[in-house]
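Observations on the model geometry
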Amino acid sequence: MAEGRGRRAEPAGRRDPGSRLDQPAERGWRMPRFDAEVFGSFAETFARFMGTARFIFYMTVFVIAWVVINVVGIWGLHWDPYPFILLNLFFSTQASYAAPLILLAQNRQADRDRLTADEDRRRAAAQKADTEYLAREIASLRIALGEVATRDFVRAELSRLVEEVTERTEKGKRDKQG
């Protein structure tokens, strides 16, 4: 009992899993898990909708209806009198949710833009390498062609050889005759 000072020594296999110091203790409830892709897609759709004339029109109709109902008292309703505190609370709540969703949509777009830019850089580097390779090949072909006889050169050489052979044959005939 010297090692635990009043605590009983437990066998290694029977320890409480929550008693380990290197792992967090499990609580009664857990935070819900969200699929980042689904939530991000929702945020992009929401941000895209908030940036349209349709959204502004719907919000304008909503605000006008809210004010008219609360000022005129249609159907005897007056739940938010003149300073329209409840309407302001709704707008504040909407803004507090809209800003992070818009930022999330912008971050996702920035990630896509970065991936696109990386892919564009990779393609540009590959195209540059291909272009440089083709330029070297064309240069080597030009050098090789400079050393190769052209058709005109070959014709001129053959004509010269024919003339030389003809002259020798005629000279040989004259030497035999005379």
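First, a word on what this report is: a plain description of the structure on this page. (Residues numbered from 1 in each chain as written. Predicted model: local features only at pLDDT ≥ 70, side-chain atom pairs only at ≥ 80, totals over all residues. Heavy atoms only, no water.)

**Structural notes on helix α3 (residues 85-147)**
As a reminder, the rule being used: Every helix listed is a DSSP run of H or I at least four residues long, and every strand listed is a run of E at least two residues long, numbered separately from the N terminus. Residue count minus one, scaled by 1.5 Å, sets the expected span of a helix. Buried, partly exposed and exposed residues are distinguished by accessible area as a fraction of the type maximum, computed with a 1.4 Å probe on protein chains only: under 20%, between the cut-offs, and over 50%, respectively. Note on contacts: a residue pair qualifies if any of its non-hydrogen atoms lie within 4.5 Å across the two residues.
With 63 residues, α3 extends 91 Å from end C-alpha to end C-alpha; this agrees with the ideal 93 Å at 1.5 Å per step. What α3 keeps buried is the set L87, A98, L101, A105 and R108. Tucked into the core, α3 has its buried residues touching α1 (36-50) and α2 (53-72).

**Quick word on the packing of aromatic side chains**
Keep this limit in mind: Any pair of Phe, Tyr and Trp rings, taking the six-membered ring for Trp, is counted once the centres come within 6.5 Å. Such a pair is stacked with planes under 30 degrees apart, edge-to-face with planes over 60 apart, and tilted for the rest.
If you walk through the whole model with that rule in mind, you get nine aromatic pairs. Taking 6.3 Å as the distance between ring centres and 45° as the angle between the ring planes, the aromatic pair formed by F39 and F42 counts as tilted. Residue F39 and its partner F42 are both found in helix α1; the two are separated by three residues, about one turn of the helix. Arranged with centres 6.2 Å apart and planes meeting at 55°, the rings of F57 and Y58 form a pair that is tilted. Judged by its relative accessible area of 45%, Y58 falls in the partly exposed class. Grouping aromatic residues by their ring pairs yields a cluster made of F49, F55, F57 and Y58.

**Thoughts on α1**
Test applied: What the arc covers is the set of directions going from the helix axis to the C-beta atoms.
Given a rise of 1.5 Å per residue, 15 residues ought to cover 21 Å, and the 21 Å separating the end C-alpha atoms of α1 matches this to within 8%. Those residues of α1 lying buried are G40, A43, E44, A47 and M50. Along the axis of α1, the buried residues cluster in a sector spanning 130°; they form a single face. Counted as exposed and oriented over 90 degrees from the buried face of α1: E37, V38 and R48. Buried residues in α1 make contact with α2 and α3.

**Points about a nonpolar patch on the surface**
Basically, it comes down to this: Patches were defined on residues exceeding 30% relative accessible area and lacking a salt bridge, with like-charge contacts within 9 Å and nonpolar side-chain contacts (Val, Leu, Ile, Met, Phe, Trp, Tyr) within 5 Å. Throughout, the Shrake-Rupley method with a 1.4 Å probe supplies accessible areas, and for residues the shown protein chains are the sole cover considered. By definition here, a salt bridge exists when the distance from a side-chain nitrogen of Lys or Arg to a carboxyl oxygen of Asp or Glu is within 4 Å.
Judged by side-chain polarity, F49, F57, Y58 and V61 come together as a nonpolar surface patch covering roughly 390 Å² of accessible area. Ranked by residue count, the leading element in the nonpolar patch is α2, at three residues. Of note, V61 is situated in helix α2. Given the relative accessible area of 41%, V61 is considered partly exposed.

So far we have only geometry, and geometry alone does not tell us how the molecule works.
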